[in-house]
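A structural walkthrough
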Amino acid sequence: MLFQNARIENAAPSSFRVEDGKFTAIGPDLVPLPGEETVDLGGKLALPPFIESHVHLDTCLTAGDPVWNMSGTLFEGIECWSKRKDKLSPKDIRERVHRAVRLYAAHGVQFIRTHVDVTDPSLVAMETMVELREELRDTMDIQIVAFPQEGILSYPNGRQLMVDAVRLGADAVGAIPHFEFTREYSVESLNFALELAAKENKLVDVHCDEIDDEASRGLETVAARALELGLYDKVTASHTTAMHSYNNAYVVRLMRLLKMSRINFVSNPLVNTHLQGRMDTYPKRRGITRVKELCEAGINVSFGHDDIFDPWYPMGTGSLRDVVFMGLHVCQMMGYEEIMGAYKFITTNAAKTLHLGEEYGIAEGRPASFIVLDAEHYYDALNTNASVLASYKKGKKIAESTPGVSNTLF
Ligand code: 17E
Ligand code: FE2
């Protein structure tokens, strides 16, 4: 099948051929082979599929059940979730994850890294998510992080639960240093998590310093261990909101280590704009990690949604456009080139974090997975909240949408 007249990643119109679920040719001068089916993409923007590099699918769609988060803080969210955990069952998890995956798919997402809370002696969410990862394989690639929401050292039997979760099939090991009881526990929990990952050949994704405390310094331990254990870019630091509040002298010292360690960052600008700064009066901190400076230093950063309608965030439709839109505002990255290239936060940069390798990208020989947006370039797509007209995964259309029409009556 020949797809014609597509602006691939903001470039001039071009064509690409898809055979047996792969891209077999890409270029402006391709002509249909005898009898070949053609699809005219009408000069619209084609991108590699969107990637959700940070979400909690096990908690999604539970806001207000059994209680609403009234303070809007991360810590009250954790309390609310602790109450909801008692009601978890395979049926409840399956139903919510299926709904969330459909929301994402309609918005052009084909890959999700989900954190799954393993501070639960039953590990029911982990077991169910491992099944769902298999079941949903044809429509959504899911990567699972064993996430100790209530701590590794500060939760009963926390270490063993992490080991069990990895045995059940987690792809990555998590940690939450800023939630551990003490600074010593926080360092020890990170040593434990990264050593477990090194031993079991897993990726790492740490909820790292998600607090407005300038003394929260889990990140330096994550980066140092990533370097010393040779894990490098297998390691990701998510949130890192305390970095917003670090003093500049410390950040300059830290940057050297971050570059040497080659770790990835995931920032969640939509949710952390809502959760952070809650103990401030005025001025209130934005509480987002230093995305602009990390990018300028050549460090890989992607953006995640983090939550869809759960104890930490009472909104969300599964559209990563909202995440990018907020991210560019709050990080003050609104230069022309920055806006035009911002899709990379939810495509190629996220692909690096997830280690998708040759499985991802519009290039000959790779799986023919791509999306078509109702715009000519990403600047316009972002600004107009353009619909994802079509989403193809390995050559098969898995979602489509018809843009709404508004008329002025004057
Ligand atoms: N849990 C956590 O520790 N931090 C978050 N941002 C969410 C869950 C959503
Ligand atoms: Fe998170």
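Residues numbered from 1 in each chain as written. Chains lettered and ligands numbered in written order. Predicted model: local features only at pLDDT ≥ 70, side-chain atom pairs only at ≥ 80, totals over all residues. Heavy atoms only, no water.

Our focus in this paragraph is the overall build of the protein. The helix and strand tally for the protein stands at 13 helices and 15 strands. A compact globule built from 410 residues would reach a C-alpha radius of gyration of about 22 Å, and the protein, at 21 Å, matches this within 12%. Dimensions of the protein along its principal axes, counting C-alpha atoms only, are 70 × 55 × 45 Å. The proportion of buried residues among the 410 residues of the protein is 57%. (Helix = DSSP H or I, 4+ residues; strand = E, 2+ residues; numbered from the N terminus. Rg over C-alpha atoms; globule rule 2.2 N^0.38 Å. Buried < 20%, exposed > 50% of the residue type's maximum accessible area, 1.4 Å probe, protein only.)

Relative to the assigned elements, Ala175 resides in the loop between strand S8 (172-173) and helix H5 (183-200). Assessed through its relative accessible area of 0%, Ala175 is described here as buried. When the C-alpha positions of Ala175 and Gln149 are compared, they lie 7.8 Å apart, and in sequence the two are 26 residues distant. Not counting the four nearest positions on each side in its chain, Ala175 is found in contact with Phe147, Pro148, Ile152, Leu190, Ala193, Asp205, Val206 and His207. (Contact = heavy atoms within 4.5 Å.)

Another aspect to go through is the site of ligand 1. Around ligand 1 sit His56, Leu74, Phe147, Gln149, Ile176, His207, Glu210, His239, Leu275, Asp306, Asp307 and Trp312, and that is every residue in its neighbourhood. At 2.7 Å, a side-chain N or O of Glu210 approaches a nitrogen atom of ligand 1. Side-chain polar atom of Asp306 to a nitrogen atom of ligand 1: 2.7 Å apart, as the coordinates give it. When ligand 1 is considered free in solution it has 260 Å² of accessible area, and contact with the protein chains removes 100% of it. (Near = heavy atom within 4 Å. Polar contact = N/O pair within 3.5 Å; in protein donor to acceptor, adjacent residues only side chain to side chain. Areas by Shrake-Rupley, 256 points an atom, 1.4 Å probe, with all protein chains shown as cover.)

Residues Phe370 and Val372 point to one face of strand S13 (residues 370-373) and Ile371 and Leu373 to the other, with burial holding for every one of them. Where S13 meets strand S14 (residues 388-393), 4 bridges bridge the pair, whose relative direction is antiparallel. Its bridge partner being in S14, Leu373 is matched across the sheet by Val388. (Pairing = 2+ DSSP bridges.)

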